[in-house]
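# Structure at a glance
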Amino acid sequence: MSGIAVYLEGGGDGRATKEALRRGMDSFLGVLRTEARAQGWNWKVVACGGREQAFTAWAWRGPDAGYPIRLLLVDAEEPVSGGFADHLANRREDQWPVSAADEDRVHLMVQVMETWIVADASALSSYYGKGFRREALPTDGQLEGVRKYDIAAALRNATQATGPGRYHKTRHAPDLLAGINPDEVRRRCPACDRLFQTIRALLRRRG
């Protein structure tokens with residue numbers, strides 16, 4: 001049986017926080033999950049904690065017959081030039097043994113997951129409510145050139161006076177992922193669009 005498994009960086013060290021992030025990303029990718037299952041495919045998202053743990057889980061070649069297609073989804077951490085596999089193979093802090101053959105199996109959130117979150121300012125405004133400073137978010141049409149430190153600062157400044165409080169990765173990100181509009185993220189973040197297009201191409205190829 002065909003199946004897709006997405007191995008995701010994030011969720012911290014706890015089982016509950018990993019499960020919360022898994023649910024959030026699974027909801028964000030929900031249209032793909034629906035399309036896969038409509039064709040009789042297995043589907044799962046696995047939140048692995050740290051990026052090394054995500055890579056290890058993705059690279060494991062043991063028996064997992066229900067999920068022959070394994071996708072890695074991690075932060076880029078910095079600007080990306082060239083292929084995503086090359087980025088992970090050549091980045092000094094990673095140097096993972098991935099090759100061009102893995103290119104459609106390797107996916108990056110450029111530069112961090114929060115880049116995808118800030119892409120939908122309307123969803124953030126609805127979540128944080130009173131005190132949310134929408135004007136603190138980057139207005140760039142394409143967000144992948146915004147440094148991760150600037151994304152973090154924008155989220156902090158936009159949310160610090162709200163009821164839910166300053167953005168917190170494990171407390172807020174799962175609900176935000178479930179609430180943001182994937183089409184808006186795809187419009188402003190080409191790497192997200194690449195993920196959607198890749199999965200749909202895989203479904204067509206093997207459907």
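Reference entry: report on the structure contained in this document. Since this is a predicted model, take the numbers as computed values, not measurements.

## Topic: the pattern of salt bridges
All chains considered together, the criterion is met by 21 salt bridges. As a salt-bridge pair, Arg194 and Glu103 come within 3.4 Å of each other at their nearest N and O atoms. Of this pair, Arg194 sits in helix α10 (residues 190-206) while Glu103 sits in the loop between α4 (84-90) and β4 (106-109), placing them 91 residues apart in sequence. Among the ionic pairs, Glu184 bridges to Arg187, the shortest N-O distance being 2.6 Å. In this pair, Glu184 and Arg187 both sit in helix α9 (residues 182-188), three residues apart, roughly one turn of the helix. When its relative accessible area of 24% is taken as the criterion, Glu184 is described as partly exposed.

## Focus: helix α1 (residues 15-28)
With 14 residues, α1 should cover 20 Å at 1.5 Å per step; its first-to-last C-alpha distance of 20 Å lies within 8% of that length. Taken as a whole, α1 has its buried residues at Ala20, Leu21, Gly24, Met25, Asp26 and Phe28.

## Thoughts on the packing of α1 against helix α8 (residues 169-179)
It is at 7 Å that the axes of α1 and α8 come closest, and there the two elements cross at 20°. As summarised for this structure, α1 and α8 are arranged roughly parallel, according to the angle between their axes. For α1 against α8, the interelement crossing comes out left-handed. Touching Thr17, Ala20, Leu21, Gly24, Met25, Ser27 and Phe28 of α1 are Thr170, Pro174, Leu177 and Ala178, all from α8. Residue classes in the contact of α1 with α8 are distributed as seven nonpolar, four polar and no charged.

What counts as what
Residues numbered from 1 in each chain as written. Predicted model: local features only at pLDDT ≥ 70, side-chain atom pairs only at ≥ 80, totals over all residues. Heavy atoms only, no water. Salt bridge = Lys/Arg side-chain N within 4 Å of Asp/Glu carboxyl O. Helix = DSSP H or I, 4+ residues; strand = E, 2+ residues; numbered from the N terminus. Buried < 20%, exposed > 50% of the residue type's maximum accessible area, 1.4 Å probe, protein only. Expected span 1.5 Å × (residues − 1). Axes fitted to C-alpha atoms, helices over the stretch in contact; angles between N-to-C directions. Parallel < 35°, antiparallel > 145°, perpendicular 65-115°, else oblique. Left-handed = near helix turned anticlockwise from the far one by under 90°. Contact = heavy atoms within 4.5 Å. Nonpolar A, V, L, I, M, F, W, Y, C, P; charged D, E, K, R; others polar.

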